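# Per-entry structural report
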Amino acid sequence: MKARVVGDLSILPPAGFRSYGLWFWAGLGFMSIETAGFALAIGAYLYLMSSAPQWPLDSPSPDLLWGTLQTVLLLASLWPALAFSRAGRRCDLAATRRWGVIVAALNALALVIRGFEFPHLNTRWDFDVYGSIVWALMLLHTAHLITDFIDTAMLVVFLFTHSVDVERFSDVDDDCIYWAFVVLSWLPIYLLIYWAPRLAS
Amino acid sequence: MSLDAGAPPIALDPERHAALARVWATPRGLWGFLTTVDAKEIGKRYIVTGLVFFVLGGLLAAAMRTQLARPESGLIDPDRYNQIFSMHGTTMMFLFAVPIMEAMAVYLTPLMVGARTMAFPRLNAFSYWIYLAGGVMLYAAFVLNIAPEAGWTAYAPLSGPQFSAGKRSDIWAQLITFTEVAGLAAAVSIAATILKMRAPGMTLARVPLFAWSMLITSFMVIVAMPAVMLASSFLISDRLIGTHFYNAAEGGSPLLYQHLFWFFGHPEVYIIFLPGLGMVSEITATFCRRSVFGYPVMVLALLTTGFLAFGLWVHHMFATGLPRLGDSFYTAASMTIALPAGVQIFCWIATMWDGRPRFGTPMLYVVGFIVTFVLGGLSGVMLASVPLDTQVHDTYFVVAHFHYVLIGGAVFPLLGAIHYWFPKITGRLPSELAGRWAFALIFSGFNLAFFPMHLVGLWGMPRRVYTYSAEMGWGGMNLLSTAGAYVLAAGVAVYLLNLIVAARRGPAAGPNPWGGGGLEWATSSPPPVYNFGMTPVVEGREPLWLGEELPVLDGLDERTREVLLTSVSQAKPTSREGSPDPSIWPFVTTLATSVLFVGSIFDEWWVVWGSLPVTACVIAWFWPKPSHSRQVKRRDSGIPGAIA
Amino acid sequence: MIRPALRMASLSVAALALCGCRGVQTMLDPAGDQARQIDVIWRLMLWVCGAMYLLVLVFLAWALWRARRPPLAAPATGPTPAEPGLERGLAGWAGLIVAGLIVLVTASFLIDRSLAELRPHPLRLKVTAHQWWWQVEYEGARPDQLLTTANQVVLPVGRSAVVELRADDVIHSFWIPNLAGKVDLIPGRTNYVALTPRRTGVFRGQCAEFCGLQHAKMAFDVQVVDPAAFDAWRGRQLAAAAPPVEAQAALGKQTFESKGCVMCHRIQGSEASATVGPDLTHLMSRRHIAAGARPNTRGDLAAWIADPQGTKPGTPMPRVALSSEELNAVVAYLETLK
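This one's a predicted model, so the numbers in the text were calculated from it and none came from an experiment.

## Some thoughts on the overall build of chain A
Looking only at helices and strands, chain A features six helices and one strand. In terms of principal-axis extent, the alpha carbons of chain A reach across some 70 × 50 × 25 Å. The 201 residues of chain A split such that 53% are buried. In chain A, of all internal contacts separated by at least 6 residues, the share reaching a separation of at least 24 is 82%. Of the roughly 8,200 Å² of accessible surface on chain A, a fraction of 71% belongs to carbon and sulfur atoms. Here chain A holds 12 positive side-chain charges and 16 negative ones, and the gap between their average locations is 10 Å.

Here's what the structure looks like:
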């Protein structure tokens with residue numbers, strides 16, 4: 001059997017945004033893994049709640065203030081994130097740098113608020129299983145907030161310090177998609193942690 | 001068997017080959033060993049390491065069988081025995097079965113789909129190192145007599161803080177973390193490769209069945225492994241920082257552990273089994289000189305199995321007193337999964353019936369697989385029935401069942417597959433005579449070892465027992481099992497020796513010794529470091545069987561590492577992308593991560609302090625490199641996905 | 001070829017072996033309603049699955065037989081003339097599998113429902129599993145008629161019994177294969193198993209969920225007796241142990257009460273009243289000691305007491321330092337606990 005050349009691949013573009021590039025698929029893969037993890041942790045919460053005589057077992061419900069503030073902040077941050085993503089896909093360096101700083105700052109603020117949420121959960125991880133599962137869900141989401149912050153911060157720094165090409169602009173877009181995931185995955189967790197104890201009674 | 005000793009269909013002229021090989025080469029020496037991102041190098045290491053763990057797990061089994069050959073044998077004390085059977089299960093399930101299937105995929109997938117390398121080569125390298133680190137940790141614990149002793153399933157509360165002293169169960173839980181990270185990393189890499197890096201023209205309807213099985217397996221890994229991560233993380237936090245997930249006294253639930261564990265555990269066995277099915281399809285097509293009968297049905301069966309596998313886990317919990325109506329649902333689901341499996345068996349036999357089978361060693365393993373796996377699958381149908389399961393659950397009947405399906409359904413195909421692709425990987429042919437002897441010993445040894453276990457299970461012998469009393473009458477069958485185990489071990493030894501000798505002194509294989517039709521046979525044996533000098537265009541399921549000419553595309557950059565990306569369903573070429581150069585960061589990140597994981601066995605603050613070096617390593621890993629799009633020739637055709 | 005033939009031979013041996021099986025701990029010799037129902041499903045499965053396996057082997061053998069045809073010049077990539085026939089075969093095979101599975105699922109469901117059926121006025125027992133022994137209590141009409149024993153279950157033939165199952169440490173599993181399927185005992189949960197024995201005899205149960213070091217030696221004696229014999233047994237078990245008359249046994253009682261034994265064991269009618277370990281009031285009515293690890297003979301008793309770790313390494317029963325005179329006395333005392 002012999003090979004016969006029928007075309008030239010060098011006419012193809014050397015990069016692609018979103019599903020045209022590989023990094024999007026890495027992000028998709030990791031978001032799938034984390035969705036499975038969140039879904040199972042939420043399932044565990046519901047399982048424990050359904051077999052408990054009362055819920056919370058023996059603690060007041062978490063205070064609503066900080067958690068709700070967090071939810072509002074995260075939802076509001078989706079607009080700057082969208083602008084960040086569009087700036088990246090337009091390959092507009094100035095706009096990308098501007099929006100990047102804003103998104104990174106909002107991410108940092110979310111972490112600060114998260115720091116206030118923990119003491120206002122009104123339970124400890126070692127108090128009873130209610131405390132354990134509440135802290136588990138919060139820690140899982142916090143881990144994502146932290147990793148996304150490091151990711152975004154690094155990216156924004158590189159936007160200023162290194163030469164920026166299509167690949168970097170594409171990273172910006174992928175980063176925004178991941179941020180949207182972090183925000184959306186918070187919603188069911190917020191509802192569960194802050195509202196399920198109130199609605200369960 | 002036609003030995004195709006000529007030149008491979010896709011070959012570059014010597015100058016271009018030398019230049020491209022330099023671009024894709026791994027540096028020499030120890031540095032190269034630690035920094036390589038070559039999927040073939042990583043794949044080979046992964047396969048060899050997996051086989052080493054297979055042998056270690058087998059030696060543990062030999063110890064168990066030696067102890068159980070006689071009633072009240074005082075050979076091994078209960079503590080050591082409990083460690084041994086826990087190590088055996090943990091090794092086989094976490095350090096051998098899943099990793100080796102992923103390893104075969106890491107090596108073969110790019111070759112089968114016509115790509116130069118895997119997607120995310122550094123992630124691939126990291127996957128291997130973190131897997132090795134986990135295995136080393138576990139065996140260090142075993143040598144130090146602190147191996148986990150609560151079974152590979154490590155049920156709470158037995159594995160919890162109150163009943164499992166010391167660090168044993170923590171080591172088990174962290175081994176899970178190591179191997180699951182490795183498995184997830186490899187799965188993302190494999191899935192992306194199969195979805196985005198296929199040769200032009202390889203539509204989803206033309207994807208090789210092994211690649212299909214690996215794609216579905218990767219999705220299963222992604223959804224299932226987080227469950228065991230949660231189960232083991234909750235266990236470790238119960239033990240280390242006083243949480244109460246499994247502590248009934250504070251509202252926790254031992255059943256929560258079982259649900260989380262088996263939500264992973266059941267798909268896990270299909271994660272192990274599906275790649276084997278893909279391997280059987282590849283071998284059968286080649287050795288029967290016929291496309292596998294019923295390709296669409298085969299793909300549908302793989303998909304159905306992948307989905308159904310997630311709906312069965314409660315059948316591991318039929319004895320726990322859950323509501324009966326719920327149990328019945330899982331009976332129906334567990335029996336239903338026999339349908340796709342049964343359909344596939346028909347298709348393989350139909351391929352043999354209608355084709356012209358030649359019984360080379362790989363094909364012997366296919367026949368062995370059919371005979372053995374179907375028996376195991378049928379005992380599985382028995383186990384699916386709640387009332388029957390309540391009798392045979394946790395007895396040697398179950399041990400027989402799962403060894404029949406795992407060894408018959410995964411190990412036999414694997415052994416056939418390793419023999420089948422060995423010439424491609426090494427360029428040399430293994431001995432056919434030794435291969436047949438190995439098969440005969442393995443097949444007969446396996447059946448002699450495991451068939452009697454059905455009987456002793458029916459006769460009342462529970463599993464996980466370090467001894468049994470003589471008056472029970474189980475001694476005869478146990479002795480027979482032990483004899484079979486030794487024969488099986490001898491067979492494995494012959495099998496491995498065959499490969500070791502052939503790697504050095506086997507005759508040259510040529511690009512396509514078995515006359516296969518897949519793209520992996522279009523390049524040399526072993527393949528050049530860049531796999532394919534030019535990109536094949538695929539016009540059918542077995543491209544090499546279509547005619548005298550193989551259409552190819554030229555034009556990928558030859559001064560940098562570049563790969564081709566195509567669309568997900570039609571495989572139309574869409575863009576090119578840079579592929580990473582060798583990097584030390586996957587290895588260094590593994591060291592930092594291992595410190596974090598092992599440290600957190602002893603003190604929870606390691607999670608915090610240990611993540612600082614890990615973060616630093618990841619930042620270094622992703623430090624910007626010279627942009628690929630700047631370095632290569634480009635037209636002004638715009639970037640797909642950009643907005644104006 | 002050879003392999004299917006080997007398979008056939010092994011199956012025949014297995015079939016022979018299966019038939020000739022009487023035993024005290026086997027599901028193949030059902031002695032109660034529940035085990036009998038399960039036996040029905042077992043036999044149905046064996047036939048249906050056996051038939052399917054045979055069909056697969058026959059098809060495989062046929063394919064191997066056809067391998068003797070001459071080879072083709074080029075491999076077959078497109079549809080072959082045999083495909084329509086094979087497609088019909090596939091559809092038929094799939095239909096057969098579906099039919100078979102429907103039969104098995106239905107049978108399984110029906111039998112499963114019938115397992116929960118009880119005869120009226122069931123006997124009520126409570127079993128609590130510990131590492132590595134069984135605490136067994138029989139409810140009575142009045143609270144002071146609570147019968148406590150260990151590592152043995154006695155049941156009247158023809159009457160249903162409901163066993164309440166609890167564990168106070170790790171997960172165990174209560175299994176008497178001749179009578180019924182197993183049910184786990186899970187900390188924090190109460191499970192139940194129904195037993196309706198139909199044949200008198202001696203049987204054996206064993207823990208069937210890995211529960212630690214001595215999981216292998218956590219069995220219990222099961223006896224199914226006539227209703228009259230059961231009532232008599234119950235009456236004897238409720239009675240306290242009479243103080244020993246003979247000198248050596250009296251010395252043994254004294255030793256028992258002054259050494260570590262009283263920290264864990266209870267003997268009604270003596271000063272020993274701890275419930276950490278098995279109740280020994282009627283120890284001699286049991287066929288085995290140490291949860292089935294040893295037969296209940298003088299020599300075994302002595303060996304067990306002198307060195308519990310020798311029999312069951314890891315058992316929580318400590319080695320109490322006794323001189324050989326004390327040991328013999330204690331054994332003599334225990335032998336009075338009929």
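## Observations regarding the interface of chain C and chain B
Quoted interface sizes are often the accessible area lost when the parts come together. Each partner contributes residues to the interface: chain C has 90 residues there, and chain B has 91 residues. Buried area between chain C and chain B, both sides added, is near 7,800 Å², and the carbon and sulfur share of it is 71%. On inspection of chain C and its partner chain B, the count reaches three salt bridges. In this structure, Glu83(C) and Arg290(B) form a salt bridge, with 2.7 Å as the shortest nitrogen-oxygen distance. Where chain C packs against chain B, one counts 29 residue pairs in polar contact (both at pLDDT 80 or more). Among the secondary structure elements, those contributing two or more residues to the side of chain C that touches chain B are helix 1 (2-19), helix 2 (33-66), helix 3 (83-115), strand 7 (183-185) and strand 9 (201-206) of chain C. Along the lines of polarity and charge, the residues of the side of chain C that touches chain B split into 59 nonpolar, 17 polar and 14 charged.

## What about the state of the cysteines?
The final tally for this structure, using the stated rule, is zero disulfides over all chains. Cysteine Cys91(A) shares no disulfide, and the gap to the nearest cysteine sulfur, in Cys176(A), comes to 14 Å. As a non-bridged cysteine, Cys211(C) has Cys207(C) as the owner of its nearest cysteine sulfur, 3.8 Å distant.

## Here's the deal with helix 17 (residues 585-602) of chain B
The end-to-end C-alpha separation of helix 17 of chain B is 26 Å, in line with the 26 Å expected for 18 residues at 1.5 Å each. For helix 17 of chain B, the secondary structure elements touched by its buried residues are helix 2 (29-35), helix 5 (121-143), helix 6 (168-196), helix 7 (209-241) and helix 18 (605-621) of chain B.

## Looking at the environment of Lys196(B)
One can find Lys196(B) in helix 6. Overall, the relative accessible area of 3% leaves Lys196(B) in the buried class. In this structure, the C-alpha to C-alpha distance between Lys196(B) and Val113(B), residues 83 residues apart in sequence, is 9.9 Å. Excluding residues that lie within four positions of it along the chain, Lys196(B) makes contacts with Ser19(A), Tyr20(A), Leu22(A), Trp25(A), Leu564(B), Leu565(B), Thr566(B), Ser567(B), Val568(B) and Thr574(B). From its side chain, Lys196(B) meets the backbone oxygen of Ser19(A) in a polar contact 3.0 Å long.

## Considering unusual backbone geometry
The peptide bond linking Ser525(B) to Pro526(B) adopts the cis configuration, its omega dihedral lying at -10 degrees. Structurally, Pro526(B) is set in the loop between helix 16 (475-505) and strand 1 (535-536). Unlike most non-glycine residues, Arg18(A) shows phi in positive territory, near 50 degrees. Within the fold, Arg18(A) resides in the loop between strand 1 (2-8) and helix 1 (22-50).

## Things to note about a nonpolar patch on the surface
Taken together, the side chains of Trp605(B), Val607(B), Val608(B), Trp609(B) and Leu612(B) define a hydrophobic patch exposed on the protein surface, amounting to about 540 Å² of accessible area. Structurally, the position occupied by Leu612(B) is in helix 18.

## A short note on the domain arrangement of chain C
Residue and element names in this part refer to chain C. In terms of domain boundaries, chain C breaks down into domain 1 (2-65 + 86-115), domain 2 (123-229) and domain 3 (247-335). The C-alpha-based centres of domain 1 and domain 2 are spaced at 31 Å. Counting residues at the interface gives 15 residues for domain 1, matched by 17 residues for domain 2. At the boundary of domain 1 with domain 2, total buried surface from both sides reaches about 1,300 Å², with 43% on carbon and sulfur atoms. Considering only the surface of domain 1 that becomes buried against domain 2, Val24, Gln25 and Ala31 emerge as the three largest contributors, covering 46% of it. Asp29 serves as the salt-bridge partner of Arg199, at 3.2 Å between the closest nitrogen and oxygen. Applying the counting criterion to the domain 1 and domain 2 interface returns 17 residue pairs in polar contact (both at pLDDT 80 or more). Take the side of domain 1 that touches domain 2: its biggest share by element is five residues, from helix 2. Of the residues contributing to the side of domain 1 that touches domain 2, the split by class is seven nonpolar, five polar and three charged.

## Thoughts on the arrangement of the chains
In this assembly two pairs of chains touch, with chains B and C having more contacts than any other pair. Nothing in chain A touches chain C, and the closest approach of their C-alpha atoms is 11 Å.

## Considerations on the packing of helix 17 of chain B against helix 18 of chain B
Residue and element names in this part refer to chain B. Between helix 17 and helix 18, whose axes approach to 8 Å, the crossing angle comes to 170 degrees. In this view, helix 17 runs roughly antiparallel relative to helix 18, as classed from their interaxial angle. Of the residues in helix 18, those touching helix 17 at Trp585, Pro586, Val588, Thr589, Ala592, Thr593, Val595, Leu596, Gly599 and Ser600 are Trp606, Val607, Gly610, Ser611, Pro613, Val614, Cys617, Val618, Ala620 and Trp621. Classifying every residue of the contact of helix 17 with helix 18 by side-chain character gives 14 nonpolar, six polar and no charged.

## As for helix 11 (residues 338-354) of chain B
Along an α-helix, residues three or four apart share an orientation, since each turn contains 3.6 residues. The terminal C-alpha atoms of helix 11 of chain B, which comprises 17 residues, lie 24 Å apart, in line with the 24 Å expected from a rise of 1.5 Å per residue. Burial analysis of helix 11 of chain B places 15 of its 17 residues in the buried class, the great majority of the element.

What counts and how
- Residues numbered from 1 in each chain as written.
- Chains lettered and ligands numbered in written order.
- Predicted model: local features only at pLDDT ≥ 70, side-chain atom pairs only at ≥ 80, totals over all residues.
- Heavy atoms only, no water.
- Helix = DSSP H or I, 4+ residues; strand = E, 2+ residues; numbered from the N terminus.
- Buried < 20%, exposed > 50% of the residue type's maximum accessible area, 1.4 Å probe, protein only.
- Contact = heavy atoms within 4.5 Å.
- Areas by Shrake-Rupley, 256 points an atom, 1.4 Å probe, with all protein chains shown as cover.
- Lys, Arg positive; Asp, Glu negative; His and termini not counted.
- Charge placed at Lys NZ, Arg CZ, Asp CG, Glu CD.
- Buried area = accessible area lost by both parts, 1.4 Å probe.
- Salt bridge = Lys/Arg side-chain N within 4 Å of Asp/Glu carboxyl O.
- Polar contact = N/O pair within 3.5 Å; in protein donor to acceptor, adjacent residues only side chain to side chain.
- Nonpolar A, V, L, I, M, F, W, Y, C, P; charged D, E, K, R; others polar.
- Disulfide = S-S within 2.5 Å.
- Expected span 1.5 Å × (residues − 1).
- Patch = residues over 30% accessible without salt bridge, like charges linked within 9 Å, V, L, I, M, F, W, Y side chains within 5 Å.
- Domains from an automatic or database assignment.
- Axes fitted to C-alpha atoms, helices over the stretch in contact; angles between N-to-C directions.
- Parallel < 35°, antiparallel > 145°, perpendicular 65-115°, else oblique.

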